Amino acid sequence: MASKRNFAAALGDWSASHRKTAVFGWLIMVVLVTVLGGAAGQQTMTEADYGTGDSGKAERILQEHGLAPPAEELILVQSDEHKATDPEFRTTVDEAVAAIKKTDLVKGVQNPNTTGVVSEDGRSALIQYEVKGDPETASERIQPVEDAVAEAEESAQGVTLGQYGAATGLKAINESLGEDLLRAELTALPVSLGILLVVFGALVAALLPLLLAVTACVAAMGLLAVSSQFVPVDGMTTSVMFLMGLAVGVDYCLFYLRREREERTAGRDKETALRIAAATSGHSVLVSGITVVVAMAGMFLSGLTVFEGFAMATIEVVLIAVLGSMTVLPAAMAMLGDKVQKGRIPFVSRRREAAEATGPRQQSNKLLRAVLARPALFAMAGAVLLLALAAPAIGMKTEKLGTDELLPPDDPMVSVAEQISEKFPGTPSPAGVVIESDDIKSPEVTRAIADFKREAVASGHAKKPIQTKVHAAEDVAEISVPLVGSGSDDKSKDALEALRGDIIPGAFDETGDTVLVRGELAFSEDYSDALSDSIVPVFAFVMSVTFLLMLFTFRSPVIALTTIVLNLMSVGAAYGVMSAVFQHGWGDALVATEAPGAVESWMPLFVFVVLFGLSMDYHVFVVSRIREARDQGAATREAIEHGIRSTAGVVTSAGLIMVAVFAVFGTLAMQDFKQLGVGLAVAVLLDCTVVRAVLLPSVMALLGEANWKPRRFQATAEEPPAAVPGDPRAANGQPGAYAQAGTYAHAATYGQQPAYGQPAPAQPASGTHAYQPAPGVMGQAPPMHAGQLPPETPRPDQTAPLPKQGDATVQLQGQGSGQGQGPTAPVPPADATMQLPAPGQQPAGQAPTGQAPAGQPYAGPPPSHATVQLQGQGQQADQRPQQSVQQPQQPQHQPPAGQQPQPEPQQAAEQDESGERSADQQRPPAPSGNDTTMTIADPSRNDDLFTR
């Protein structure tokens, strides 16, 4: 039974037929979603939303009681000329304290002249204060305080002041982030446009994917604002969504548009070319998009709100990009037609046209030939390279980077944070102990707090001053504990573990109160533990679903398993490069950074999910073309060569765009963006080169026929490939199946397959013949057109006149003995004739079997029914006149020599004056079981284009 059109083809047909509805519907949708998102406003995550484990519980306790910790700030006062006891130093401290108090934006100011918070060398002191109001918006109100500190520093003599804290740090991050995003947008868009101009050689064709990707990102931002009301998002989620949306949006449009241009170059009319692009590239885009969405959905299993926000944003932008690629893009292409090539870039367009004219079969590819010639060698070399790159990932260190580590190394605040950490260890990020009790002022709780403070200092894990804040009305107390070490090193981690495991239980077990530890280090440790616990289920989910999707798409468990292995190798290589640069510091100067000594804790999981999704773009696109050739009768290696050659240009172009976009983010100042950009850019680069050009073809070549086993997963032999409506190979011009037709092999040599696109060996004129599919052959004649001859039954020695036609070639493909592909010869513009030999006769000078030279008649045995199709170069499928020449059904017993068999009676079709037949007479008589079809085809066309 014939396969139906796939969903992508149907949607593309609808869009092309309803162009205005699709285009204006898209624009209205973008505007409405953007307005709706602006009205809703984006909800960002609070400190409690980020938390997990005990630190997250502590944050939620404070939030529930309305005790969200205020934004704490530190002012470092230091001098090389004076000590903290000198009058000049003390005067500067008092003036700074008075200046910040005048702003009326601070509270709880602690003057080191009173508290005695002075460094061991006596040349540094620390002013501590809190910002009034909501800590979530403190960064928006801190500027007047910074100005006051700067004025105090200007009036000081030989004393410097530097500020660092929660509000000032977040303000610096937001400023750096804003500058980075502006620079990324101003860089990524022109870079993408430049690559697209080189790919298409025309301005309109280059702008179309970029405009669609940008509008998809705009719509996704509006939708994200709406969904953030239910799942709050991190502040950088919008930037990540823009990165993903621009990359996949341009890639999806590129796949679609390049396929349509390829078909137009092959001579197809614009409607047919668009249908083919929808059925093939459109289908690949749909599968790729679904895979990305499902992979991103795996982040919901992490249990972390930040990942849920990332998942929502990425899923939304990918779905919108897929929707645009499958609806508004074919509508716009149908409206533009060949005007999409307007605005040609002279030099680039000439080179592009010359490359397209040669066709993928004529283009040389030394690497591919070498890979297919020695697949084992190249498979081993590619695997060794990726494993070597992945080696540094062994022992990867991940942690939640602090504000000073996220900021650019040259930011003044980074220097202040480092000096505070050096002069006052543990002060920038003290541990916070939260106590929730039935009676926080009870003697038991008061005694437990005192015991805890004494034991923490005595154990050597904490340093003075340990400060306590009691909220009597809420029965909650907070204890600030400066830990030994830098606040993030091994000493601090050991101190935190001792605090949680020994000191707190020893002091508070008898009270039965809830006692939890919060703070930057506690948050980082709990966050890393939660990520470690979620890695296994997320990895298992993503790999399992990817396997099932690939199995469903290609009907091959071997291909599905190969997909998983190759993707894991790409991810491992990306992990290795990230560890080498950002943990070990190898080559960190090349990306303009100083290695923080660790990879951001959320990066490995996020990179894994993103890469598993994005790699499907290229994998599905390449393997689909391999499968197309395989379904049309090519041997596995010929199919691999065809698939790689056919997709090399578009995969390279798409890969360059995605690498360029990610590389732009790798140049940004923020450490997390830099790590994400470098990791993804390297992974995509390796995926487009080593994996798709070396490992994929070599592994598939080594597996051979095993790629398509076991047979129970494959479609049955009776199910032919799906047709694309309007393509000339669809039976009778209607959507349906292509008839199984192709080359032949003698029963004695069955299984000896000819090379892809080559004729079968010559066989004896008698005997049983087995049939093998091959591309580009019809089993049924298309409908009759004006100028065709009616179905007559001339004698075998009669000459059948052919209609006038431009230059064309003649392909003879017959059943019985002889070649699977017959001779080819030009048909002159004037009337031409084709002589069919009488039964049992051979043309002079021809061998009984074999392929006749160009210009000579077919040399095989006489058919009982033949169909001649004319397909001229440059003509469209629905314009090619065809002629049906009927021969009598040959009886089982041959008539005496010299007598002709009697033809079967045929009813002549009525024709009007123009030669057209009525609708109910346009189908030629059904051929008999041993019919022969002779196809006259344009040799410039590449007919191995359709998937099952």
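No experiment lies behind these values; they were computed from the predicted model shown.

**Some details on the overall build of the protein**
Within the protein, the secondary structure is distributed over 25 helices and 17 strands. Sorting the 948 residues of the protein into buried and exposed places 54% on the buried side. Put simply, 78% of the contacts in the protein that link residues at least 6 apart link residues at least 24 apart. Within the structure as shown, the protein displays about 39600 Å² of accessible surface, and the carbon and sulfur contribution to it stands at 57%.

**So, the pattern of salt bridges**
Pairing is possible between side chains of opposite charge, provided their charged atoms come close. Summed over all chains, the structure comprises 22 salt bridges. One salt bridge in this structure joins Glu 59 and Arg 518, with 2.8 Å as the shortest N-O distance. Here the residue Glu 59 occupies a position in helix α4 (residues 53-64), and Arg 518 occupies one in strand β9 (residues 514-518), the gap between them amounting to 459 residues. Each member of the pair, Glu 59 together with Arg 518, is buried.

**Thoughts on a nonpolar patch on the surface**
Taken together, the side chains of Phe 24, Leu 27, Ile 28 and Leu 32 define a hydrophobic patch exposed on the protein surface, amounting to about 410 Å² of accessible area. Structurally, Phe 24 is set in helix α2 (residues 19-40).

**Topic: the pairing of β9**
Summarising burial for β9: 4 of the 5 residues are buried, a large majority. As paired strands, strand β6 (residues 431-436) and β9 are joined by 5 bridges and run antiparallel to one another. Looking across to β9, one finds that Glu 436 is bridged to Thr 514.

**A look at the pairing of strand β3 (residues 124-131)**
Residues in a regular strand project their side chains so that they alternate between the two faces of the sheet. For β3, a buried count of 8 out of 8 residues is recorded, marking the element as mostly surrounded by other parts of the structure. In terms of strand pairing, strand β1 (residues 72-78) meets β3 through 7 bridges, oriented antiparallel. Note that in β3 the partner of Gln 78 across the bridge is Ser 124. Across 3 bridges, strand β2 (residues 106-110) lies against β3 in antiparallel orientation. Within the sheet, the bridge partner assigned to Lys 107 lies in β3 and is Glu 130.

**A few points about the nonpolar core**
Counting residues in each nonpolar core, the largest one holds 174 residues, and the members touching the most others are Phe 307, Trp 602, Phe 606 and Phe 662. By residue number, the principal contributor to this core is helix α23 (residues 603-631), which donates 18 residues. Setting aside chain neighbours within four positions, we find Phe 662 in contact with Leu 243, Ala 247, Leu 614, Gly 677, Leu 680, Ala 681 and Val 684. If you look at the next biggest cluster of nonpolar residues, it comprises 27 residues, including Ile 440, Val 445, Ala 477 and Ile 503.

**Quick look at the packing of aromatic side chains**
The full count for this structure, using the stated rule, is 11 aromatic pairs. Between Phe 665 and Phe 673, the aromatic rings sit 5.7 Å apart at their centres with planes inclined by 50°, giving tilted as the arrangement. Side by side, Phe 665 and Phe 673 carry an identical accessibility label, which is buried. These aromatic residues form a ring-pair network of at least three members: Phe 307, Phe 310, Trp 602 and Phe 606. Positioned above the aromatic ring of Phe 552 is the side chain of Arg 555, whose terminal nitrogen or guanidinium carbon lies 5.0 Å from the ring centre.

**Things to note about the sheet that holds strand β7 (residues 467-471)**
The 4 strands are arranged β7-β8-β6-β9 in an open sheet whose pairing can be described as antiparallel. Each edge of the open sheet is held by one strand with a lone partner, namely β7 and β9. Direction aside, neighbouring strands of the sheet carry axes that sit 15° apart on average. Both β6 and strand β8 (residues 476-481) contribute to a ladder of 6 bridges, which runs antiparallel. Bridge assignment links Ile 435 to a residue of β8, and that residue is Ala 477. Together, β6, β7 and β8 form the strand contacts of helix α19 (residues 443-458), whose direction differs from that of β8 by roughly 10°.

**Quick look at a negative patch on the surface**
A cluster of acidic side chains, namely Glu 455, Asp 490, Asp 494, Glu 497 and Asp 502, defines a negative patch on the protein surface. It is helix α20 (residues 490-508) that contributes the most residues to the negative patch, 4 residues altogether. Checked against the element boundaries, Asp 502 lands in helix α20.

**Considerations on the side chain of Thr 636**
If you trace the backbone, Thr 636 turns up in helix α24 (residues 636-666). Those residues in contact with Thr 636, other than ones at most four positions away along the chain, are Arg 630, Met 700, Gly 704, Glu 705, Asn 707 and Trp 708.

**Thoughts on the environment of Ile 394**
As for its placement among the helices and strands, Ile 394 is situated in the loop between α16 (375-390) and β5 (398-399). Residue classification places Ile 394 among the exposed positions, given a relative accessible area of 73%. Between the C-alpha atom of Ile 394 and that of Gly 576, which follows or precedes it by 182 residues, the distance is 7.8 Å.

**Overview of the sheet that holds β2**
Read across the open sheet, the 4 strands follow the order β2-β3-β1-β4; overall the sheet is antiparallel. Across the chains shown, the open sheet's two edge strands, defined by having one partner strand only, are β2 and β4 (160-165). Averaged over all pairs of adjacent strands, the angle between their axes in this sheet comes to 25°, without regard to strand direction. In this fold helix α7 (residues 143-155) packs onto β1, β2, β3 and β4, with an angle of close to 160° to the strand it touches most, β4. Across the face of the sheet, helix α18 (residues 412-423) comes into contact with β1, β3 and β4 while running at roughly 90° to β4.

**Notes on the packing of helix α8 (residues 166-200) against helix α9 (residues 203-227)**
Closest axis-to-axis distance for the α8/α9 pair is 8 Å, and the angle between their directions is 140°. By the angle between their directions, the pair α8 and α9 is classed as oblique. As for how α8 packs across α9, the hand of that crossing is right-handed. Mapping the contact onto sequence places Leu 189, Ser 192, Leu 193, Leu 196, Leu 197 and Phe 200 in α8 and Leu 203, Ala 205, Ala 206, Leu 207, Pro 209, Leu 210 and Val 214 in α9. Looking at the contact of α8 with α9, its residues break down into 12 nonpolar, 1 polar and no charged.

**Quick notes on unusual backbone geometry**
Although it is not a glycine, Asp 475 sits at a positive phi angle of roughly 55°. Looking at the secondary structure, you find Asp 475 in the loop between β7 and β8. At Arg 555, a position not held by glycine, the phi torsion is positive, near 55°. Tracing the sequence through the fold places Arg 555 in the loop between α21 (520-554) and α22 (557-582).

**Side note on the environment of Ser 437**
With respect to the helices and strands, the residue Ser 437 is situated in the loop between β6 and α19. Residue class for Ser 437 comes out buried when judged on its relative accessible area of 9%. For the pair Ser 437 and Asp 475, spaced 38 residues apart in sequence, the C-alpha to C-alpha distance is 5.6 Å. Setting aside residues up to four positions removed in sequence, Ser 437 forms contacts with Val 445, Asp 475 and Asp 513. A polar side-chain atom of Ser 437 sits 3.1 Å from a polar atom in the side chain of Asp 513.

**Observations regarding the packing of α19 against α20**
The description of two packed helices rests on the angle between their axes and on the distance between the axes. The contact between α19 and α20 brings their axes to 8 Å, and the two run at 145°. For the element pair α19 and α20, the recorded crossing hand is right-handed. For the pair α19 and α20, the contacting residues are Ala 448, Ile 449, Phe 452, Glu 455 and Ala 456 in the first and Leu 499, Ile 503, Ile 504, Ala 507 and Phe 508 in the second. Residues belonging to the contact of α19 with α20 are distributed by class as follows: 9 nonpolar, no polar and 1 charged.

**Side note on the confidence of the model for the protein**
Of all residues in the protein, 72% have pLDDT values of 70 or greater, and the mean over the chain is 74. Mean pLDDT values for the elements of the protein range from 32 in strand β11 (residues 742-746) up to 94 in α16. A low-confidence stretch, residues 359-364 (pLDDT under 50), is modelled with 12 contacts involving residues beyond four sequence positions or located in other chains.

**Quick notes on the environment of Pro 69**
Note that Pro 69 resides in the loop between α4 and β1. Note on Pro 69: relative accessible area 16%, which makes it buried. A C-alpha to C-alpha distance of 9.9 Å links Pro 69 and Glu 136, two positions 67 residues apart in sequence. Setting aside anything within four residues of it in sequence, one finds Pro 69 in contact with Glu 59, Leu 62, Pro 135, Glu 478 and Arg 518.

What counts and how
- Residues numbered from 1 in each chain as written.
- Predicted model: local features only at pLDDT ≥ 70, side-chain atom pairs only at ≥ 80, totals over all residues.
- Heavy atoms only, no water.
- Helix = DSSP H or I, 4+ residues; strand = E, 2+ residues; numbered from the N terminus.
- Buried < 20%, exposed > 50% of the residue type's maximum accessible area, 1.4 Å probe, protein only.
- Contact = heavy atoms within 4.5 Å.
- Areas by Shrake-Rupley, 256 points an atom, 1.4 Å probe, with all protein chains shown as cover.
- Salt bridge = Lys/Arg side-chain N within 4 Å of Asp/Glu carboxyl O.
- Patch = residues over 30% accessible without salt bridge, like charges linked within 9 Å, V, L, I, M, F, W, Y side chains within 5 Å.
- Pairing = 2+ DSSP bridges.
- Core = buried A, V, L, I, M, F, W, Y, C linked by side-chain atoms within 4.5 Å.
- Phe/Tyr/Trp six-rings, centres within 6.5 Å; stacked < 30°, edge-to-face > 60°.
- Lys NZ or Arg CZ within 6 Å of the ring centre and 35° of its normal.
- Axes fitted to C-alpha atoms, helices over the stretch in contact; angles between N-to-C directions.
- Lys, Arg positive; Asp, Glu negative; His and termini not counted.
- Charge placed at Lys NZ, Arg CZ, Asp CG, Glu CD.
- Parallel < 35°, antiparallel > 145°, perpendicular 65-115°, else oblique.
- Left-handed = near helix turned anticlockwise from the far one by under 90°.
- Nonpolar A, V, L, I, M, F, W, Y, C, P; charged D, E, K, R; others polar.
- Polar contact = N/O pair within 3.5 Å; in protein donor to acceptor, adjacent residues only side chain to side chain.
- pLDDT = per-residue confidence, 0-100.

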